[in-house]
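What follows is the residue order along each chain.
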Amino acid sequence: RGERAGPLPAGTAWARYPYEHAGVSAEQALESLDLILLQQAKASEIAAVIIEPVLGEGGYVVPPTRFMQGLREWCTQHDILLIADEVQAGFGRTGKQWAVENFGIVPDILVSAKGI
């Protein structure tokens, strides 16, 4: 994918996950993505954003729909792949086949396992 291609993978950057009980709003989580672009990497150097649509470790945390939709828009705007890790939340565990369906978004890649 353009400048993203190379013999060695680049580093990993961590953005905030919206968790209202821990004081992180959807807006703050989305702003943390912009901070990564300002402080750590150009968008052209980021291959993908990987996210659990429903956080499964550390408690079950369901992000606000506005965050997931904002994340989809952010990835599209910056030509960055959105990868949904559905290993824990997918395959009907949230009432829909895939957890991302609850937010009305479509990831570029969906990863599943166990339940199949």
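Higher on the page you've got the structure.
Values in this document were obtained by computation on a predicted structure and should not be read as measured data.

What follows deals with the packing of aromatic side chains. On inspection of all chains with the given rule, the structure shows two aromatic pairs. Each ring, one from Y17 and one from F67, has its centre 6.4 Å from the other, and the planes form 50 degrees; the classification is tilted. Here the residue Y17 occupies a position in the segment before α1 (26–39), and F67 occupies one in helix α2 (residues 65–77), the gap between them amounting to 50 residues. Take Y17 and F67: they sit in the same class, and that class is buried.

Looking now at the pattern of salt bridges. Here the structure, examined in full by the defined rule, presents three salt bridges. The salt bridge partner of R66 is E27, with a shortest N-O separation of 2.9 Å. Placement of the pair is R66 in helix α2 and E27 in helix α1, with a sequence separation of 39 residues. For R66, a relative accessible area of 46% puts it in the partly exposed group. Across the salt bridge formed by D108 and R72, the nearest N and O atoms sit 3.1 Å from each other. Residue D108 is found in the loop between β2 (81–85) and β3 (109–111), and its partner R72 is found in helix α2; the two are separated by 36 residues along the sequence.

For the rest of this paragraph, the subject is the sheet that holds β2. Spatial strand order, β1-β2-β3: three strands in an open sheet with parallel pairing. Lying at the two open borders of the sheet, with one neighbouring strand each, are β1 (48–51) and β3. Strand-to-strand, the axes of this sheet are offset by a mean angle of 20 degrees, without reference to chain direction. Bridging between β2 and β3 involves three bridges; their strand directions are parallel. Following the sheet pairing, I83 is matched in β3 by I109. The strands touched by α2 are β1 and β2; relative to β1, the strand with the most contacts, the crossing angle is about 160 degrees.

Parameters at a glance
Residues numbered from 1 in each chain as written. Predicted model: local features only at pLDDT ≥ 70, side-chain atom pairs only at ≥ 80, totals over all residues. Heavy atoms only, no water. Phe/Tyr/Trp six-rings, centres within 6.5 Å; stacked < 30°, edge-to-face > 60°. Helix = DSSP H or I, 4+ residues; strand = E, 2+ residues; numbered from the N terminus. Buried < 20%, exposed > 50% of the residue type's maximum accessible area, 1.4 Å probe, protein only. Salt bridge = Lys/Arg side-chain N within 4 Å of Asp/Glu carboxyl O. Pairing = 2+ DSSP bridges. Axes fitted to C-alpha atoms, helices over the stretch in contact; angles between N-to-C directions. Contact = heavy atoms within 4.5 Å.

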